[in-house]
Amino acid sequence: MMPAVPARLLTDGLLSPPVISRGLSGESEALREQSRQIRLHLWQSISVRDTVDLALADLEKARRDASSANWDGEGARAIDPAAYAAAKRFILTLPSTALAPSVSVDRDGEVDLAWDFDRDQVFSISISGTRRLAYAGILGQERHSGSAQFIDEIPASVSNLLSAYFARRR
Amino acid sequence: MRFLRALAIFFRRILRGGDRPPADQATDPPLDGCTLCARFLNSEKKYNKVQGRANYKAFEPSYDDEEKAIVLSMYRLDGMTEPAIVEMGRTVLGPKGGRLHGRAELPAGEIEKLPSDVVAAKKFRARFDKTPVRHVTVSPWDDGKEIRKLHSMDLAKVATLRLLD
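As the structure is a computational prediction, the values presented were derived from the model and not from experiment.

**A closer look at the overall build of chain A**
Check the secondary structure of chain A and you find 4 helices and 5 strands. Counted from the first residue to the last, chain A has its helices and strands arranged as α-α-α-β-β-β-β-β-α. Looking at chain A residue by residue over its 170 residues, the buried ones come to 48%. Long-range pairs, those at least 24 residues apart, make up 52% of the contacts in chain A with a sequence separation of at least 6. Summed over its atoms, the accessible surface of chain A is roughly 8,000 Å², and 54% of this surface lies on carbon and sulfur atoms.

What follows is the structure, encoded as structure tokens:
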């Protein structure tokens, strides 16, 4: 079940990350339905579907490859099922215009999503079983790193950085 | 894990005809800034073939039971022929480590320099170990995961990719 997503155009031309409504009123219900329709429309566009499909397929491959301990021959932990679930949820809540990340498993069992464009433009997020996000990136002369908690929405600190990295590609 | 690798290398040497150490090991000089060190690559997720570069996944450190700390294992390449480097890479990866795709290499000086250009302080020490043969321990990685990730990116940025044909 896809989350309801109201699309909101940002100043840089990118769509906002999903905002989950928790309202109970009739108006909230109507808004939620509108959001669902918008999301459905976006979902049917080839580019959005391809991005998510590619990322989910990469996630499944990563899970298969790292399904047991020592999958790398150097003592790596098996993929953490909770991290896998959190990463899947994260991918489904990526901004609608996001580029597909490359998905792999860290040696500590967390799931890594990477947008590795070149030496000077790389961003990566590790997702733990407790939904902690550890992110870092290099964007030209700028360097970014931090941590955040992923609940239902991608934290603004992360989505803003993603927008900046993607904007450089367009 | 490092013990098992050392054991594998020991038995391999016996099978090659005696436990006499290879000439290059017997005369290993101490690490200096020009000594080339490598990470062996067993996954295409660790490099970009089109762009001809290693990425941060090639320099992902991990917890070492003997060191009781997170470290990055590398191997020094000085004085070795290409076939000997490839053989060492296959030995390091071992039977469960997957196919050897190639390596990402850096002079030891580059490792110790980073990330002084960004935080105005030296971070890493590259320590040459006798066991396993040619092993180099790069440490400390005592920061949070997000900073470790950033430093892996720093190392990848200045690394040279060498893929097998």
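**Considering the interface of chain B and chain A**
Listed by partner, the interface residues are 30 residues for chain B and 39 residues for chain A. It is Lys145, Glu146 and Lys157 of chain B that lose the most area in chain B upon contact with chain A, and together they represent 22% of the buried surface on that side. Inspection of the region where chain B meets chain A yields 10 salt bridges. Across the salt bridge formed by Lys145 of chain B and Asp108 of chain A, the nearest N and O atoms sit 2.8 Å from each other. At the boundary of chain B with chain A, the tally comes to 24 residue pairs in polar contact (both at pLDDT 80 or more). It is helix 6 (residues 145–157) of chain B that contributes the most residues to the side of chain B that touches chain A, 10 residues altogether. Within the side of chain B that touches chain A, the residues separate by chemical class into 10 nonpolar, 7 polar and 13 charged.

**Examining the packing of aromatic side chains**
Per the counting criterion, the structure on display carries 7 aromatic pairs over all chains. Here Phe40 of chain B and Tyr75 of chain B contribute two aromatic rings whose centre-to-centre distance is 6.1 Å and whose plane-to-plane angle is 45 degrees, an arrangement assigned as tilted. Of the two residues, Phe40 of chain B sits in strand 1 (residues 36–41) while Tyr75 of chain B sits in strand 5 (residues 69–76), which places them 35 residues apart along the sequence. Residue classification places Phe40 of chain B among the buried residues on the basis of a relative accessible area of 8%. Taking the relative accessible area as the measure of exposure, Tyr75 of chain B reaches 3% and is therefore buried. In this structure an aromatic cluster arises from ring pairing among Trp115, Phe123, Tyr135, Tyr165 and Phe166 of chain A. One residue, Arg63 of chain A, lies across the ring of Tyr84 of chain A, its end atom 4.0 Å from the ring centre. Seen from the ring of Phe128 of chain B, Arg76 of chain B lies directly overhead, with NZ or CZ sitting 4.2 Å from the centre.

What counts, and where the lines are drawn
- Residues numbered from 1 in each chain as written.
- Chains lettered and ligands numbered in written order.
- Predicted model: local features only at pLDDT ≥ 70, side-chain atom pairs only at ≥ 80, totals over all residues.
- Heavy atoms only, no water.
- Helix = DSSP H or I, 4+ residues; strand = E, 2+ residues; numbered from the N terminus.
- Buried < 20%, exposed > 50% of the residue type's maximum accessible area, 1.4 Å probe, protein only.
- Contact = heavy atoms within 4.5 Å.
- Areas by Shrake-Rupley, 256 points an atom, 1.4 Å probe, with all protein chains shown as cover.
- Buried area = accessible area lost by both parts, 1.4 Å probe.
- Salt bridge = Lys/Arg side-chain N within 4 Å of Asp/Glu carboxyl O.
- Polar contact = N/O pair within 3.5 Å; in protein donor to acceptor, adjacent residues only side chain to side chain.
- Nonpolar A, V, L, I, M, F, W, Y, C, P; charged D, E, K, R; others polar.
- Phe/Tyr/Trp six-rings, centres within 6.5 Å; stacked < 30°, edge-to-face > 60°.
- Lys NZ or Arg CZ within 6 Å of the ring centre and 35° of its normal.

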